[in-house]
Amino acid sequence: MLCFFPKQSMALLTLTLFILLSLVSLSDGGSVGVNYGRIANNLPSASKVVNLLKSQNLEKVKVYDTDPAVLKALSGSGIKVTVDLPNELLYSVAKRQSFAYSWVKKNVAVYYPSTQIESIAVGNEVFVDPNNTTLFLLPAMKNIHNALVKFNLDSKIKVSSPIALSALQNSYPSSAGSFRPELIVPVFKPMLDFLRQTSSFLMVNAYPFFAYESNSDVISLDYALFRENPGVVDGGNRLRYFSLFDAQVDAVFAAMSALKYDDIPLVVTETGWPSKGDGNEIGASLENAAAYNGNLVRRVLTGGGTPLRPKADLTVYLFALFNENKKNGPTSERNYGLFYPSQEKVYNIPFTVEGLKNYKDSPSPSPVTGSRRVTAPVTGGANGLGNVKGMTWCVANGDAGKERLQSALDYACGEGGADCHPIQPGSTCYDPNTLEAHASFAFNSYYQKKGRAIGTCYFGGAGSVVTQPPKYGCAKMRGRESSVDPM
């Protein structure tokens, strides 16, 4: 039946439809969660944390263990939870199915469904774990899934494992994204097969801050912070990128596509920006942290995927809920929090579509430089000499003691992002197989990556700078290692 309306009615109808479509486009976006780390001695109780999450309308949280107090506090909250099986348990879970059954029963099944556990992160950034747990990853993932099947939870709880961008051989341009060759056959192909078979997703930790910090002379700060910029055209696929975050995510998508796994979704399990850092940590500031996280929330919640996968909405977990005062490493490591332990916001950003209505990014009054462009591609994983500003190296201090050396080695190879693959068993720099030799290699990798800046060879007193070549043959001078998308 045809209906005719006066011009005023038609105008009103058009306006109403426009508003409705606008609301739909906002509500059809991705989702934002938060990482709840607890390496601190001054955090509020788990029950207070849950109340904080609810007050901010944060409906997803990722934790790094299965602490009973935390999981009990989350019971009945309606908040969806991702729990972690620590790297140190990978061997036991991989070798014994009975151990996996017991772990799932004790740490997952007993809390579900009152605590809405939706996924299990098996390990975290395993490929940079100095304890060489890579070969145990896939068997552990399979055994955890088998345990979920036993408890009839496999259709409700997914299994995956977060990877760092260091698992990529190349990340620039995004279209050339590829996994490290030595990991493709033994790890990535079977892991991606597993994710496909179980209808799961790949977990990825992506930090544009690290790329910007190391390459502020070639990456625009606006590009790193989702601010207005002319964009970067990928020479391989001719797509234009307006944020470093999208470029990093698409590098992972391209790496999966190269192996014929275009159908597997991706979840960004960690991303963030520090509100404070040491003098040499370029870009670490409260203004930049607020801009990155606030603009990221807007970018995720308003819908749309990346240039390479435009229809795939993103799920992103911000790192982290609190500043954690007991974390090792540079000052930035203790200042990724959205909240102080007092539960006061470090900076004011929204976490919901409703909050975005009044959100406006306030540019820093003292922007960090970094607008120069480069014309040559920069690839990750470079191990050659380069940008040498003086012949200095960072080596382990044998007098620091095994415990301190091991802790510093774990940091350097883990959160520090040092290239520790060469000191894994069977690799070129595994021998001499001593803690001091491996620590020297890792410390020096981190030191060179940080541009040999003051304070980057401290490691809590476990490292020291030398002006003569290290006695360990493999702890040689290494160039800056990073994967960037220049702007």
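Calculation notes
Residues numbered from 1 in each chain as written. Predicted model: local features only at pLDDT ≥ 70, side-chain atom pairs only at ≥ 80, totals over all residues. Heavy atoms only, no water. Helix = DSSP H or I, 4+ residues; strand = E, 2+ residues; numbered from the N terminus. Buried < 20%, exposed > 50% of the residue type's maximum accessible area, 1.4 Å probe, protein only. Contact = heavy atoms within 4.5 Å. Disulfide = S-S within 2.5 Å. Pairing = 2+ DSSP bridges. Axes fitted to C-alpha atoms, helices over the stretch in contact; angles between N-to-C directions. Salt bridge = Lys/Arg side-chain N within 4 Å of Asp/Glu carboxyl O. Core = buried A, V, L, I, M, F, W, Y, C linked by side-chain atoms within 4.5 Å. Right-handed = clockwise from strand over helix to strand, strands pointing away. Parallel < 35°, antiparallel > 145°, perpendicular 65-115°, else oblique. Left-handed = near helix turned anticlockwise from the far one by under 90°. Nonpolar A, V, L, I, M, F, W, Y, C, P; charged D, E, K, R; others polar. Expected span 1.5 Å × (residues − 1). Bend = angle between axes of the 7 residues up to and from the residue. Phe/Tyr/Trp six-rings, centres within 6.5 Å; stacked < 30°, edge-to-face > 60°. Lys NZ or Arg CZ within 6 Å of the ring centre and 35° of its normal.

### Overview of the side chain of glutamate 281
For step 1, the next point in the chain: Tracing the chain through its elements places glutamate 281 in the loop between strand 12 (266-271) and helix 11 (286-301).
For step 2, the next point in the chain: For glutamate 281, a relative accessible area of 5% puts it in the buried group.
For step 3, the next point in the chain: Not counting chain neighbours up to four residues away, the residues in contact with glutamate 281 comprise Glu213, Pro330, Thr331 and Ser332.

### Re the state of the cysteines
For step 1, the next point in the chain: Evaluation of the coordinates by the stated rule reveals two disulfides.
For step 2, the next point in the chain: Note that cysteine 394 is cross-linked by a disulfide to cysteine 457, the S-S spacing being 2.0 Å. Between cysteine 394 and cysteine 457, the S-S torsion sits near 90°, and that sign places the bridge as right-handed. Here the residue cysteine 394 occupies a position in strand 14 (residues 393-396), and cysteine 457 occupies one in the loop between helix 14 (435-449) and strand 15 (463-466), the gap between them amounting to 63 residues.
For step 3, the next point in the chain: On the basis of relative accessibility, which here comes to 0%, the residue cysteine 394 falls in the buried class.
For step 4, the next point in the chain: Judged by relative accessible area, which is 6%, cysteine 457 ranks as buried.
For step 5, the next point in the chain: Two residues, cysteine 413 and cysteine 420, share a disulfide whose sulfurs are 1.9 Å apart.

### Brief notes about the sheet that holds strand 12
For step 1, the next point in the chain: Read from one edge of the open sheet, nine strands run 5-4-3-2-1-13-12-9-6, paired in parallel fashion. Each edge of the open sheet is held by one strand with a lone partner, namely strand 5 (158-160) and strand 6 (162-164). In this sheet, adjacent strand axes meet at a mean angle of 25° when their direction is disregarded.
For step 2, the next point in the chain: By the bridge criterion, three bridges tie strand 6 to strand 9 (residues 202-205) in an arrangement that is parallel. Of the residues in strand 9, the one forming a bridge with proline 162 is methionine 203.
For step 3, the next point in the chain: The sheet contacts of helix 10 (residues 244-258) involve strand 9, strand 12 and strand 13 (315-318), and relative to strand 12 the element is tilted by about 135°.

### Quick word on the pattern of salt bridges
Between side chains of opposite charge, pairing is possible as soon as their charged atoms come close.
For step 1, the next point in the chain: As enumerated under the stated definition, the model contains nine salt bridges in all.
For step 2, the next point in the chain: Notably, a salt bridge pairs glutamate 182 with arginine 180, separated by 2.9 Å at the nearest N-O pair.
For step 3, the next point in the chain: For glutamate 182, a relative accessible area of 34% gives the class partly exposed.
For step 4, the next point in the chain: Of the charged contacts in the structure, one is a salt bridge between aspartate 263 and arginine 196, with a shortest N-O distance of 2.8 Å. In this pair, aspartate 263 is assigned in the loop between helix 10 and strand 12 and arginine 196 in helix 7 (residues 181-197), connecting sequence segments 67 residues apart.
For step 5, the next point in the chain: Judged by its relative accessible area of 47%, aspartate 263 is partly exposed.
For step 6, the next point in the chain: Several salt bridges share partner residues, and in doing so they unite Arg38, Asp65 and Asp67 into one network.

### Some remarks on the nonpolar core
For step 1, the next point in the chain: Core analysis: the biggest nonpolar cluster contains 111 residues, and Val108, Ile144 and Phe179 have the highest contact counts within it.
For step 2, the next point in the chain: In terms of residues, this core owes the most to one element, helix 10, which gives nine residues.
For step 3, the next point in the chain: What isoleucine 144 contacts, discounting residues up to four positions off in sequence, is Leu85, Val93, Ala100, Trp103, Val104, Ile120, Val122 and Val159.
For step 4, the next point in the chain: Core analysis: the next-biggest nonpolar cluster, separate from the first, contains 22 residues, Ala439, Phe441, Ala442 and Phe459 among them.

### Overview of the pairing of strand 1 (residues 31-36)
For step 1, the next point in the chain: Strand 1 sits mainly inside the fold: five of its six residues count as buried.
For step 2, the next point in the chain: Sheet topology note: the strand 1/strand 13 ladder contains four bridges and is parallel. In the strand pairing of strand 13, serine 31 is matched with threonine 315.
For step 3, the next point in the chain: With three bridges joining them, strand 1 and strand 2 (residues 60-63) adopt parallel strand pairing. Bridged to valine 34 within strand 2 is valine 61.

### Comments concerning the environment of arginine 196
For step 1, the next point in the chain: The class of arginine 196 is partly exposed, set by a relative accessible area of 34%.
For step 2, the next point in the chain: Taking the C-alpha atoms as reference, arginine 196 lies 8.3 Å from tyrosine 261; in sequence the two are 65 residues apart.
For step 3, the next point in the chain: In contact with arginine 196, other than residues within four places in its own chain, are Lys260, Tyr261, Asp263 and Ile264.

### Regarding the pairing of strand 13
For step 1, the next point in the chain: Because side chains alternate across strand 13, one face comprises the buried residues Thr315 and Tyr317, and the other comprises Val316 and Leu318, equally buried.
For step 2, the next point in the chain: Both strand 12 and strand 13 contribute to a ladder of two bridges, which runs parallel. When the bridges of strand 13 are listed, threonine 271 appears paired with leucine 318.
For step 3, the next point in the chain: With helix 11 bridging strand 12 and the parallel strand 13, this β-α-β connection has right-handed handedness.

### Some words on the packing of helix 13 (residues 402-413) against helix 14
For step 1, the next point in the chain: Axis separation between helix 13 and helix 14 bottoms out at 9 Å; the angle between their running directions is 40°. Taken together, helix 13 and helix 14 sit at an angle that is classed as oblique. Of the two elements, helix 13 crosses helix 14, and the hand of that crossing is left-handed. Facing Lys402, Leu405, Gln406, Ala408, Leu409, Tyr411, Ala412 and Cys413 of helix 13, the residues of helix 14 in contact are Leu435, His438, Ala439, Ala442, Phe443 and Tyr446.
For step 2, the next point in the chain: Of the residues assigned to the contact of helix 13 with helix 14, the class counts are eleven nonpolar, two polar and one charged.

### Some thoughts on helix 7
For step 1, the next point in the chain: End to end, helix 7 covers 23 Å across 17 residues, agreeing with the expected 24 Å (1.5 Å per residue, within 8%).
For step 2, the next point in the chain: Of all the bends in helix 7, the greatest, near 45°, is centred on valine 187, and the proline proline 190 appears no more than four residues after it.
For step 3, the next point in the chain: Listed as buried for helix 7 are Leu183, Ile184, Val187, Phe188, Met191, Leu192, Phe194 and Leu195.
For step 4, the next point in the chain: Once helix 7 ends, the next one or two residues include serine 199, with phi positive near 55°.

### Section: the packing of aromatic side chains
For step 1, the next point in the chain: Throughout the structure, instances matching the rule amount to 18 aromatic pairs.
For step 2, the next point in the chain: An aromatic cluster of three or more residues is present, and its members are Tyr207, Phe209, Phe210, Tyr212, Phe226, Phe245, Trp273, Tyr292, Phe319 and Tyr336.
For step 3, the next point in the chain: Directly above the aromatic system of tyrosine 36 lies the positively charged group of arginine 38, at a separation of 5.9 Å from the ring centroid.
For step 4, the next point in the chain: Across from the ring centre of tyrosine 101, 4.2 Å away, lies the NZ or CZ of lysine 150, which sits over that ring.

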